[in-house]
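A structural walkthrough
Listed below, chain by chain, are the residues.
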Amino acid sequence: EDQVTQSPEALRLQEGESSSLNCSYTVSGLRGLFWYRQDPGKGPEFLFTLYSAGEEKEKERLKATLTKKESFLHITAPKPEDSATYLCAVLAYGGSQGNLIFGKGTKLSVKP
Amino acid sequence: NAGVTQTPKFRVLKTGQSMTLLCAQDMNHEYMYWYRQDPGMGLRLIHYSVGEGTTAKGEVPDGYNVSRLKKQNFLLGLESAAPSQTSVYFCASSRGENTIYFGEGSWLTVV
């Protein structure tokens, strides 16, 4: 069964304290892995798409990496405004676009 | 750019009542989706559409119906609301099988 697991469920950091969020996945074949940010009371906001192992993408303090089993979202020197829930989702081969599988998210809190 | 717009944003229904959530996108995307998000469950797909006049079931379609009469609009209907349908509903769209963009959400409470 295809599944996506995110860890930790919650992460509390001090401003400037770098860390990483994990998204591990089990799918028959990966077509794409997506990272989203979700603020309270808002819809998910697209961050990155990764398609193959070894691929990396960066945006400001965020860097996403991909291996054959997992993806990491690295946060360098985070600021309080980076506080949000980060969602990971995968699209597998053999499935339609309707088969995008989401993890339950990691809630990040960054304290000043 | 408005992107994906959902109406209404908040609604309270009594058990057994019906209602329709409206989604509109201005990005000329072919694909549109309805998800629900519940605490501890993550986002789950209800129904989706790959083009005008087409719809398909997702992971949790029971109790919902959808229609895609126009490319830019995707309607989600609840014929007889149940307390189990209390949730946050998100509409989304994509250009083919690419990145999915979400609306701001609709909070529905069924009492």
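Please read all numbers here as calculations on a predicted model, not as lab measurements.

Conventions and cut-offs
- Residues numbered from 1 in each chain as written.
- Chains lettered and ligands numbered in written order.
- Predicted model: local features only at pLDDT ≥ 70, side-chain atom pairs only at ≥ 80, totals over all residues.
- Heavy atoms only, no water.
- Disulfide = S-S within 2.5 Å.
- Helix = DSSP H or I, 4+ residues; strand = E, 2+ residues; numbered from the N terminus.
- Buried < 20%, exposed > 50% of the residue type's maximum accessible area, 1.4 Å probe, protein only.
- Salt bridge = Lys/Arg side-chain N within 4 Å of Asp/Glu carboxyl O.

What follows concerns the state of the cysteines. All chains considered together, the criterion is met by 2 disulfides over all chains. Each sulfur of the disulfide joining Cys23 of chain A and Cys88 of chain A lies 1.9 Å from the other. As the torsion about the S-S bond is roughly -60°, the Cys23 of chain A-Cys88 of chain A disulfide counts as left-handed. Taken together, the residues span a long stretch of sequence, with Cys23 of chain A in strand β3 (residues 19-26) and Cys88 of chain A in strand β9 (residues 84-92) at a distance of 65 residues. Judged by relative accessible area, Cys23 of chain A falls into the buried class, the value being 0%. Paired through a disulfide, Cys23 of chain B and Cys91 of chain B show a sulfur-sulfur distance of 1.9 Å. Disulfide Cys23 of chain B-Cys91 of chain B: the torsion about the S-S bond is -80°, which places it as left-handed.

This part takes up the pattern of salt bridges. Residues and elements named next belong to chain B. Evaluation of the coordinates by the stated rule reveals 7 salt bridges over all chains. Linking Asp38 and Arg44 is a salt bridge whose minimum nitrogen-to-oxygen distance equals 2.9 Å. Both residues of the pair, Asp38 and Arg44, count as buried. It is possible to trace a salt-bridge network through shared partners that takes in Arg36, Asp38 and Arg44.

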